[in-house]
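Letter by letter, the chains look like this.
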Amino acid sequence: MAKKSSKKSKPTSSTIALNKKARHEYHIEEKIEAGLSLMGWEVKSLREGKVNLTEGFIQIKDGEAYLHGVTITPLNTASTHVVADPLRLRKLLLKRRELDRLIGLVERQGYSMIPTALYWKKAWVKLEFGLGKGKKQHDKRDDAKQRDWDREKARVMKGSKR
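Each value, and the rule that gives it
Residues numbered from 1 in each chain as written. Predicted model: local features only at pLDDT ≥ 70, side-chain atom pairs only at ≥ 80, totals over all residues. Heavy atoms only, no water. Helix = DSSP H or I, 4+ residues; strand = E, 2+ residues; numbered from the N terminus. Expected span 1.5 Å × (residues − 1). Buried < 20%, exposed > 50% of the residue type's maximum accessible area, 1.4 Å probe, protein only. Contact = heavy atoms within 4.5 Å. Salt bridge = Lys/Arg side-chain N within 4 Å of Asp/Glu carboxyl O. Pairing = 2+ DSSP bridges. Axes fitted to C-alpha atoms, helices over the stretch in contact; angles between N-to-C directions. Phe/Tyr/Trp six-rings, centres within 6.5 Å; stacked < 30°, edge-to-face > 60°. Lys NZ or Arg CZ within 6 Å of the ring centre and 35° of its normal. Core = buried A, V, L, I, M, F, W, Y, C linked by side-chain atoms within 4.5 Å.

Chemist: What exactly am I supposed to notice about helix 3 (residues 96-109) here?
Modeler: Quick reminder: α-helices carry 3.6 residues per turn. Residues three or four places apart thus point the same way. Between the first and last C-alpha of helix 3 there are 19 Å, a value that for 14 residues agrees with the 20 Å anticipated at 1.5 Å per step. Of the residues making up helix 3, those classed as buried are Leu99, Leu102, Ile103, Gly104 and Leu105. On the buried face of helix 3, the contacting elements are strand 2 (26-36), strand 4 (57-61), strand 5 (64-68), strand 8 (112-121) and strand 9 (124-134). One or two positions beyond helix 3, positive phi appears at Gly110, with a value near 75°.

Here it is in structure tokens:
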């Protein structure tokens, strides 16, 4: 019999969480990657996948970008000497040039910054956020119709190839 290797298998996906609601609510024109300033208990919770991005948004305050509304649920085994606040503000790690460009887009052109994904990049946690503008109700209906038509078209084409 062959010996099993003692190496641990790496997870197939480095994605921690996705915000599927963002595509429905906003026209996302550009995606940007940023690092996050996290505490130890938050990293442990992220390894378990206990995060919710759906209500999150990014706000610029005093020349820095902060992540609001993202819930990272603390583990039961979190340290007793640390007060774990699941909704605390988390600073985004961006270069000054990137921050200045984002400030200009948000303040002058009316863009919103919406977190779309949270993932591992080597040993670091990265946040992907999109620059976008909110959709109106009729835009959402048009997107739903287009999605349904694409699905129906794929069904018809699959059936006609037989």
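Chemist: So what exactly am I meant to see when it comes to the pattern of salt bridges here?
Modeler: Two side chains of opposite charge can pair, provided their charged atoms sit close to one another. Throughout the structure, instances matching the rule amount to 12 salt bridges. Measuring nitrogen to oxygen at the nearest pair gives 3.2 Å for the salt bridge that ties Lys121 to Glu33. Of this pair, Lys121 sits in strand 8 while Glu33 sits in strand 2, placing them 88 residues apart in sequence. Lys121 sits in the partly exposed class, given a relative accessible area of 41%. Among the residues examined, Glu33 registers a relative accessible area of 32% and is labelled partly exposed. One salt-bridge network, held together by shared partners, links Glu64, Lys91, Arg96 and Asp100.

Chemist: Can you walk me through the environment of Gly56 in this structure?
Modeler: Structurally, Gly56 can be placed in the loop between strand 3 (51-52) and strand 4. Separated by 20 residues in sequence, Gly56 and Asn76 place their C-alpha atoms 23 Å apart. If sequence neighbours within four positions are ignored, Gly56 has contacts with His68, Gly69, Val70 and Pro115.

Chemist: Would you take a moment to explain the sheet that holds strand 9 for this structure?
Modeler: Each strand in a sheet pairs with another by means of backbone hydrogen bonds, the pair being arranged parallel or else antiparallel. Taken in spatial order, the 7 strands of this open sheet run 1-8-9-2-7-5-4, and their pairing is antiparallel. For this open sheet the edge positions go to strand 1 (15-18) and strand 4, each flanked by a neighbour on one side alone. Averaged over all pairs of adjacent strands, the angle between their axes in this sheet comes to 40°, without regard to strand direction. Across 5 bridges, strand 4 lies against strand 5 in antiparallel orientation. Paired with Gln59 across the bridge in strand 5 is Tyr66. Lying on the sheet, helix 3 is in contact with strand 2, strand 4, strand 5, strand 8 and strand 9; it crosses strand 9 at an angle near 25°.

Chemist: Which parts of the structure should I look at to understand the packing of aromatic side chains?
Modeler: Aromatic ring pairs are reported here in terms of the distance separating the ring centres and the angle at which the planes meet. Across all of its chains, the model carries 0 aromatic pairs by this definition. The cationic tip of Lys133 hangs over the ring face of Tyr111; the distance from NZ or CZ to the ring centre is 4.9 Å.

Chemist: Would you explain the side chain of Thr116 in this entry?
Modeler: By the element assignment, Thr116 lies in strand 8. Since its relative accessible area comes to 8%, Thr116 is described here as buried. Dropping the residues within four chain positions of it, Thr116 is found in contact with Ala17, Leu18, Asn19, Ala22, Ile28, Leu53, Glu128, Phe129 and Gly130.

Chemist: What's the story with the nonpolar core in this structure? I'm lost.
Modeler: General note: in soluble globular proteins, nonpolar side chains tend to be found buried as a group. Counting 27 residues, the largest nonpolar core has Leu92, Leu118, Leu127 and Phe129 as its most contacted members. Mapped onto this core, the elements with two or more residues apiece are strand 1, strand 2, helix 2 (40-48), strand 5, helix 3, strand 8 and strand 9. No other element matches the 4 residues that strand 9 contributes to this core. Residues within four places of Leu118 in sequence aside, it is in contact with Thr15, Ile16, Ala17, Leu36, Leu46, Val51, Leu53, Val125, Lys126 and Leu127.

Fair warning: the whole summary comes from geometry, so function is off the table for now.
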